[in-house]
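Listed below, chain by chain, are the residues.
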Amino acid sequence: EGKLLYLSHGRRVVPVRAGGEIPSRAAALGSGLNLLAGSWSDSGDDSAYVAPTKQQLYDELDHFHLPARPDSSWGEWHYFNLVVAPDEWWYITYLIGGEVKSGEWGGQILVTRRRPDGSYQRFVAQQPSTKIQFDTARADLRIGESTVHQRMGEYRLSGTATGAAGTARIDVRVTPIANRYFPPVELRDDEFLSGYVAPGLVSSASGTVCVERRCRRFRDVSAYHDHNWGVWRNVTWEWGAARGSRIAILYGGVYGPERRGATQEVRSPFFLTVVDSLGMKQVLRFSEVHYVGARPAKGTARATAPERFTLIATRDADTLRLRVSVQDALGTELKTAGFHRTFLQMRGSFTIEGKILGETLSDSGQGFFETYVVPRTAACSAAYCAGVGSPASGGLASSH
């Protein structure tokens, strides 16, 4: 705004002041330009920025990417979770990864079902790159016969995967609620890139999920959708998304790869955002998650999860305290050369209290939460060991 630039034409150079505005918005505020000649009206890009259609908005939020350089740990995925009943939920991931530009890559659909009896079922279907289509301008993705299509703000999910329990089939429509999204962000340095967006922080879902011939049909149940991309060698994270009666919350942060000669991992600043019916209300920062207690995690033998945890996030005069009570946990052991971690996917109830933008905030509800832990060993004798680690990219096989 009001920057000094130099306009050159032939041998003539003219100093000018330059700024950028949306013409219709400036005119509505009474600050439109006093034109001497020419026209000044909204371009197509202006209109799409100010008032995009649902198709434009969700494609801009949720399109796919190309890695800047070949890297076998590159991965990008659509993640959805569905709570089809109080005692049953599904994790669904459409994942592509590998050295995309060199042709050494592929994809898979990963499905995990938490059954009403508390047990878990896993399903997977892998496909080579020749059977995958993704779009750097849209949210659409095809992995074999499994697809994600976004049309005017509604995601249509279809997919088939197999596991020990047989074949799982997905036919679901996920609709993000207006304004409840977290915009795209990227953390990067010369070698590390982690991108994230949550187009459907609060969503509803309708459709059918089946295991063999047993199907559950549902309508307008709670759902969530996000999208991740980047290089994932030696990367872990803290993450949580939950919805209360008035607000939704999202928190997260990544532990990046260890640098040679460094004494500890490079960690991005953790954030917590509060979203209401108008969109993002505030973004706060926190430095750690305080985990307490130990409870068995299903899935991986000997894995333990916390019983509860808290974090305190601040920004200027704002302070929020989040408390989570873990009700269920699934552990996936990830073990490769030089690395041994357990990835935890947790379901729990939360309360949040504090001050934000001069107002008192208090709410509660349910959500999903993730972390990494060190399995119990002689070197880690406590019942629960905090998840500061360096998992290999194989962790993507079960992560969101």
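Here the structure is a predicted model, which means the values were calculated and not measured.

*Asks:* Give a detailed account of the pairing of strand β11 (residues 166-176), specifying residues and quantitative values.
*Replies:* In the sheet, strand β10 (residues 154-163) pairs with β11 via nine bridges, with the strands oriented antiparallel. What sits directly across from Ser-158, in β11, is Asp-171. Linking two consecutive strands that pair antiparallel, namely β10 and β11, is a turn of two residues. Sheet analysis places β11 next to strand β13 (residues 193-211), joined by nine bridges and oriented antiparallel. In the strand pairing of β13, Ile-170 is matched with Val-209.

*Asks:* So what's going on with the state of the cysteines? Which residues, and what values?
*Replies:* What makes a disulfide is a covalent bond joining the sulfur atoms belonging to two cysteines. In this structure the tally under the stated criterion is one disulfide. Each sulfur of the disulfide joining Cys-210 and Cys-215 lies 2.0 Å from the other. For the disulfide bridge between Cys-210 and Cys-215, the dihedral angle about the S-S bond is near 105 degrees, and by the sign convention the bridge is right-handed. Using a relative accessible area of 34% as the deciding quantity, one classes Cys-215 as partly exposed.

*Asks:* Tell me about the environment of Ala-248, and name the residues and values.
*Replies:* Looking at the element boundaries, Ala-248 is found in strand β16 (residues 248-255). Given the relative accessible area of 2%, Ala-248 is considered buried. With 27 residues separating them in the primary sequence, Ala-248 and Val-275 have C-alpha atoms 5.2 Å apart. The residues touching Ala-248, leaving out its near neighbours within four places in the chain, are Leu-201, Val-202, Ala-242, Arg-243, Thr-273, Val-274 and Val-275.

*Asks:* Please provide a residue-by-residue account of the side chain of Thr-273, values included.
*Replies:* Within the fold, Thr-273 resides in strand β17 (residues 270-276). Judged by its relative accessible area of 0%, Thr-273 falls in the buried class. For Thr-273, the side chain forms a polar contact with the main-chain oxygen of Gln-282, separated by 3.0 Å. For Thr-273, the residues in contact, after removing those within four places along its chain, are Phe-182, Ala-248, Ile-249, Leu-250, Met-280, Gln-282 and Val-283.

Definitions and cut-offs
Residues numbered from 1 in each chain as written. Predicted model: local features only at pLDDT ≥ 70, side-chain atom pairs only at ≥ 80, totals over all residues. Heavy atoms only, no water. Pairing = 2+ DSSP bridges. Helix = DSSP H or I, 4+ residues; strand = E, 2+ residues; numbered from the N terminus. Disulfide = S-S within 2.5 Å. Buried < 20%, exposed > 50% of the residue type's maximum accessible area, 1.4 Å probe, protein only. Contact = heavy atoms within 4.5 Å. Polar contact = N/O pair within 3.5 Å; in protein donor to acceptor, adjacent residues only side chain to side chain.

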